[in-house]
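Structure at a glance
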Amino acid sequence: MASRFQAIPLVASPSYPNAVAWSDENLIAVASGHLVTILNPASPFGPRGLITVPNSEPFPIGVIDRKDLFSGCLLPNCLSRDRQPCVRSVSWSPLGMAPNSGCLLAVCTTEGRVKLYRPPFCDFGAEWIEVMDISDRLYEYLTSISFGELDVSCPNHSDATEDIHAEDPASFISKKECKRRKINKGSQTTGDQLPCQGNSENSNSSSGPYIEREGQGLKAVYKLSSDKLEDGKLYHIGPLSKCKAKPLNKMQENRTHPQITAAQYASRNAMLWSLAVAWSPLLQLSSKLCSIPQIGSSVSLLAVGGKSGKISLWRIYVPECYSIEHSRVPTANIVGLLEAHNSWITSISWAFLTSDSSNPQVLLATGSSDGSMRIWLGNTEELLNTSEFDRTPFFLLKEVITADSIPVSVLSLSMPAKSLHKMLLAVGKGSGSFELWNCDISGRKFDKIGSFDAHYHAVTDLAWAFDGCSLYSCSQDNFVRCWILRGSSLHEVPFSSNTPRLRSSTDVPDVFISCMGLAVSPGNLVLVMVRNLDLELLDSMYQKKAQKAVVEFFWIGGQQQDLLSKVSPLVDVVEFPAFPEKELAYWESNILWSLKQYEHLDKPLVLWDIIAALLAFKQTTSKFVEHILLKWLLSSYIGYNMDLSAENILPLVSIRLSKINSRKLHLLNIICRRVMLSELKADQVNSEVQNLEVSHGAEGEQVTMWTELLRCSERELRERLVGYGFSAFLSLKSHSTITASRPGYWYPVGLAQLGHWVALNHERVQDQLKVLSSEVGRHEKRLEYSEHEAAEQCSYCSASVPFESPEVGFCRGVESDSGTGQSHRLPRCAVSMQVCPTTPLWFCICCNRWGSRLAPVTLFSMSEYPSDFKSSTESSVLEVPSKPLCPFCGLLLQRRQPDFLLSASPV
């Protein structure tokens, strides 16, 4: 980032809380009016993704008598003024739920619809693709159980059919009736997003009136008639798509609708009308949470809260196999309905409780418009296996009911890693205050830390950072505040005054009127927020039409995490004129903490914010960046204190690489490439690492040492991959299962190329790899499968391609009349080292390697170089899932998109 913030304009303004969400693959979704704008924080002014919310037809839940149209329970439906549906809630799924192993996005609209979208990785467009309509499935389920009612139809009127007359005045709405009240600028969303509890006939479906908002239309009343009805007139309430003096669109003809009472209609409508969505963390049958889901045994739960106070729980399965060429519809089953509250569900939040590894549990926090908040404990095994729709495996842990009945606007859960049984819960209110709870799940103790009058208007979002040490809050009053939790007390602290390349600490525009959401980056070093603009202060010709809101990025890496912490002075670091020494120490501490979090396999590798911060510091002084990284290597890779010098630490790390787990090696490779060797091109590093020409002097020596460390680390990973492939082949041969694997599972291929690589590096590889290569060579001649053939041909001219490098291959070309031939440069697969075909390939955005085959999941979980590959593969090689992760960087592979289309950038 060039300064403390970057303002990215949006063409529509958010209207509801929690309007921004940050995904595990480093994409940001912003709910802005009738659109969902999807941004890449690594290229905020670059291509965008887009979801346009369409108008939907009402569900045919029944017809009512004309005399019941204006009963108390139906007034909210008759008076609702949604001319065009807006986005009410968005939520990202865990990594691995999309067909390309990315994230799915759940979108809830003001029409009560919930749909799932995937990225257009194989469609080459900006518009995201709808893959599932959750609301349609909910309607099918509720219809199958008759909405939980004993008898909803009237026998005398069961054959009522639709007969809409275009000339009937009842089927028209004049333009005069479409006039809308102007509302005050400061209260444009509060009443609509947080309805008050009313005294209607059915409190489950009518919690209170709507505040009329500009830009919305009336709802229409469809007139239905039938010869079998006594009065000949029944009515079905539905939305009017456009507020114009035109006849309404006809409903589906020849369809029967049961006659129901007004209370039944309101109750059914409330059960179908969704308000909030939230994805759970990834759950596995193996009782282990991991960023690399296992095929067939991993699911994520989607919670959908509605006006009825019930939450529908959906079990969404991880795809059986991943592809960048084809899209597959996800498998989803309904778990059941959870009767969470007696009024509208306004907020939902999930957390994963890992205190019991044998039977992990999930926590679900729900908030309602009546001010109540409840905490539920769910059993993972029952959630994954239950098929009883009449009960949900959730147990109520805590219920909080307030006397003032102020609606809950937002919830935020945090499970600090330093305390397995501890849970932190922040509850935002419509009054501008928020409550903080400290919960001990094992002892069922819930202590209220306090209630804080933080804002003047409704709290629109809350976000935890740094393992529950920091809390950020925002509101419609346009304030964003930072809080530090120490023990059982919460204190407000100012934002860090200086950040990388900051021009001025007061360089913030004053055209904002409200902040509708915020989110913290995966590395916890960046805060994103979305603000609405005061259109009266914008230029009416150039700005007012195209800029309704902005997305801002703030650095929070220099944030103090402990009020009583004593920062030690930095040694041998050039002082920054714009940075106090304490703030530099906070940056160092927070970056080291963030790097430490990525050493765990359960956290997807998304290092964009860490790399961006280090590169920003590197532009001013490289010594500070090197100081941080050497300190990280010393604590994570060596384990004891020594002199912080690259000459001493880097060679020692290279010697110890065989004892380091694969995740740390991937992390080291990313830092080497993207930070310390950022001036070098990825292809240059891949092909000629050992022969780089560097400049003389201290800077050239530093580049040489980091390049050598990268070369040793990548060779270590390649040896593990090759050794595992050899031993897996021998193990499969002993079981007489040398056949192609089924989709989604790994199978050793390219044995001839792997053997050539061992021969080229015979002096450097370990003896165990040489023995395995010779054993495979003896059996390889008997195989007739094309996957094991040594001879390769060019995809363009069919010339032979000799094996000379694991990165690329050059065909011998076709000789012309002049005696010279054209040689083609062909990329080799990063996993099998075979020449890649011309079909779409997987691509790593960090090392620029390609892949036609995927690596086995075992590679990414190796704790060290196996002492005996054969013993490590005998029991588990028969069913090994393959994952679209780079074998050298550990990053999510993707299909390379044109520069004008959005793509994720984890680095």
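Model, not experiment: these values are computed from the prediction.

**Description of the sheet that holds strand β1 (residues 8-10)**
What holds strands together in a sheet is hydrogen bonding between their backbones, with the strands either parallel or antiparallel. Ordered by their spatial adjacency, four strands build an open sheet running β1-β32-β31-β30, and the pairing between neighbours is antiparallel. Where the open sheet ends on each side, the last strands, each with one partner, are β1 and β30 (512-520). Pairwise comparison of adjacent strand axes, ignoring direction, gives a mean angle of 25° for this sheet. In terms of strand pairing, β1 meets strand β32 (residues 549-555) through three bridges, oriented antiparallel. Of the residues in β32, the one forming a bridge with Leu 10 is Ala 549.

**Points about empty space enclosed by the protein**
Taken as a whole and judged by the stated rule, the model has eight cavities of 30 Å³ or more. Its volume calculated, the largest cavity comes out at about 480 Å³. Every residue lining the largest cavity is counted, 41 residues in all, and those nearest its centre are Glu 25, Gly 102, Leu 892, Gln 894 and Ala 904. Split by residue class, the lining of the largest cavity holds 23 nonpolar, 12 polar and six charged.

**With respect to the side chain of Ser 470**
Counting through the fold element by element, Ser 470 comes out in strand β27 (residues 470-475). Those residues in contact with Ser 470 that sit more than four places away from it in its chain are Ala 463, Trp 464, Ala 465, Trp 483, Ile 484 and Gln 561.

**Regarding the nonpolar core**
By size, the foremost hydrophobic cluster in this structure holds 166 residues, and its most contacted members are Tyr 472, Leu 527, Leu 629, Trp 632, Leu 633 and Trp 706. Take this core: its biggest share by element is 10 residues, from helix α8 (residues 622-638). By size, the runner-up hydrophobic cluster in this structure holds 22 residues, among which are Trp 746, Leu 754, Leu 772 and Val 880.

**Re the sheet that holds strand β29 (residues 489-493)**
With respect to topology, four strands assemble into an open sheet ordered β26-β27-β28-β29, the strand pairing being antiparallel. Sheet topology places β26 (459-465) and β29 at the edges, where each strand pairs with a single neighbour. Each neighbouring strand pair of the sheet contributes to a mean axis angle of 25°, computed without reference to strand direction. With five bridges connecting them, strand β28 (residues 480-486) and β29 associate as antiparallel partners. In the strand pairing of β29, Leu 485 is matched with Leu 490.

**A few points about the packing of α8 against helix α10 (residues 662-676)**
Contact geometry for α8 and α10: axes closest at 13 Å, N-to-C directions at 170°. The angle between the axes of α8 and α10 places the two elements in the roughly antiparallel class. Between α8, through Val 625, Leu 629, Trp 632, Leu 633, Ser 636 and Tyr 637, and α10, the contact on the second element is made entirely by Lys 664, Leu 667, Leu 668, Ile 671, Val 675 and Met 676. For the contact of α8 with α10, a count of residues per class yields 10 nonpolar, one polar and one charged.

**A word on the confidence of the model for the chain**
Taken residue by residue, the chain gives an average pLDDT of 78. The fraction at 70 or more is 76%. Overall, residues 287-292 carries pLDDT values under 50, and its contacts beyond four positions in sequence, including any with other chains, amount to 23 contacts. Predicted confidence for residues 499-508 stays below pLDDT 50, and this span has 20 contacts to residues more than four positions away or in other chains.

**Focus on the pairing of strand β7 (residues 87-92)**
Extensive coverage of β7 is indicated by the burial of six of its six residues. Bridging between β7 and strand β8 (residues 105-109) involves five bridges; their strand directions are antiparallel. Directly across from Ser 91, in β8, lies its bridge partner Ala 106.

**Considering the environment of Gln 834**
Tracing the backbone shows Gln 834 in the loop between β36 (825-827) and β37 (842-843). Residue classification places Gln 834 among the buried positions, given a relative accessible area of 12%. In this structure the C-alpha to C-alpha distance between Gln 834 and Gly 851, which are 17 residues apart in sequence, comes to 9.2 Å.

**Observations regarding helix α7 (residues 608-620)**
In a regular helix each residue adds 1.5 Å, so 13 residues correspond to 18 Å; α7 covers 19 Å between its end C-alpha atoms and thus fits that length. The buried fraction of α7 amounts to 10 of the 13 residues, a majority that puts the element mostly inside the structure. Taken as a whole, α7 has its buried residues at Trp 608, Asp 609, Ile 610, Ile 611, Ala 612, Ala 613, Leu 614, Ala 616, Phe 617 and Lys 618. Turning to α7, the residues buried within the fold contact β2 (20-22), β31 (526-533), β32, α6 (581-597), α8 and α10.

**Considering the pairing of β28**
Burial within β28 is extensive, with six of its seven residues counted as buried. Inspection of the sheet shows β27 paired to β28 by five bridges, in the antiparallel sense. Its bridge partner being in β28, Ser 470 is matched across the sheet by Ile 484. Between β27 and β28, which pair antiparallel one after the other, the connecting turn spans four residues, and Asn 478 there sits at a positive phi close to 80°. Connecting β28 to the antiparallel partner β29 that follows it, the hairpin turn spans two residues, and Gly 487 within it adopts a positive phi of roughly 70°.

**Focus on the packing of α6 against α7**
Look at α6 against α7: their axes get within 11 Å of each other, and the N-to-C directions meet at 145°. The two elements α6 and α7 cross, and the hand of that crossing is left-handed. Contacts between α6 and α7 involve Leu 584, Trp 587, Ile 591, Ser 594 and Leu 595 from the former and Ile 610, Ala 613, Leu 614 and Phe 617 from the latter. Here the contact of α6 with α7 is built from residues that sort into eight nonpolar, one polar and no charged.

**Considering the environment of Lys 115**
Position of Lys 115 among the secondary structure elements: in strand β9 (residues 114-118). Taking C-alpha positions, Lys 115 is 8.3 Å from Leu 105, a pair spaced 10 residues apart along the chain. If sequence neighbours within four positions are ignored, Lys 115 has contacts with Pro 54, Ser 56, Leu 105, Ala 106, Val 107, Glu 130, Met 132, Asp 133 and Ile 134.

**Overview of the packing of aromatic side chains**
A full pass over the atoms with the stated rule returns 15 aromatic pairs. Here Phe 434 and Trp 483 contribute two aromatic rings whose centre-to-centre distance is 5.3 Å and whose plane-to-plane angle is 80°, an arrangement assigned as edge-to-face. A residue pair is termed long-range when its members are at least 10 positions apart, and Phe 434 in strand β24 (residues 434-440) and Trp 483 in strand β28 qualify at 49 residues. When its relative accessible area of 0% is taken as the criterion, Phe 434 is described as buried. Owing to a relative accessible area of 7%, Trp 483 belongs among the buried residues under this scheme. Ring geometry for Tyr 724 versus Trp 746: centroids 5.3 Å apart, planes at 40°, classification tilted. Separated by 22 residues along the polypeptide, Tyr 724 in helix α12 (residues 698-734) and Trp 746 in the loop between α12 and α13 (751-760) bring together distant segments of the chain. The class of Tyr 724 is buried, set by a relative accessible area of 2%. Among the aromatic side chains, those forming a connected cluster through ring pairs are Trp 555, Trp 587, Phe 617 and Phe 624. Positioned above the aromatic ring of Tyr 598, the side-chain terminus of Lys 603 is 5.2 Å from the ring centre. The lysine or arginine in question, Arg 849, covers the ring of Phe 888, its NZ or CZ lying 4.3 Å from the ring centre.

Conventions and cut-offs
Residues numbered from 1 in each chain as written. Predicted model: local features only at pLDDT ≥ 70, side-chain atom pairs only at ≥ 80, totals over all residues. Heavy atoms only, no water. Pairing = 2+ DSSP bridges. Helix = DSSP H or I, 4+ residues; strand = E, 2+ residues; numbered from the N terminus. Axes fitted to C-alpha atoms, helices over the stretch in contact; angles between N-to-C directions. 1 Å grid on protein atoms, 1.4 Å probe; cavity = no way out; pocket = protein on both sides within 12 Å on 5 of 7 lines; lining within 4 Å. Points joined across faces, edges and corners; volume = space filled by probe spheres on them. Nonpolar A, V, L, I, M, F, W, Y, C, P; charged D, E, K, R; others polar. Contact = heavy atoms within 4.5 Å. Core = buried A, V, L, I, M, F, W, Y, C linked by side-chain atoms within 4.5 Å. Buried < 20%, exposed > 50% of the residue type's maximum accessible area, 1.4 Å probe, protein only. Parallel < 35°, antiparallel > 145°, perpendicular 65-115°, else oblique. pLDDT = per-residue confidence, 0-100. Expected span 1.5 Å × (residues − 1). Left-handed = near helix turned anticlockwise from the far one by under 90°. Phe/Tyr/Trp six-rings, centres within 6.5 Å; stacked < 30°, edge-to-face > 60°. Lys NZ or Arg CZ within 6 Å of the ring centre and 35° of its normal.

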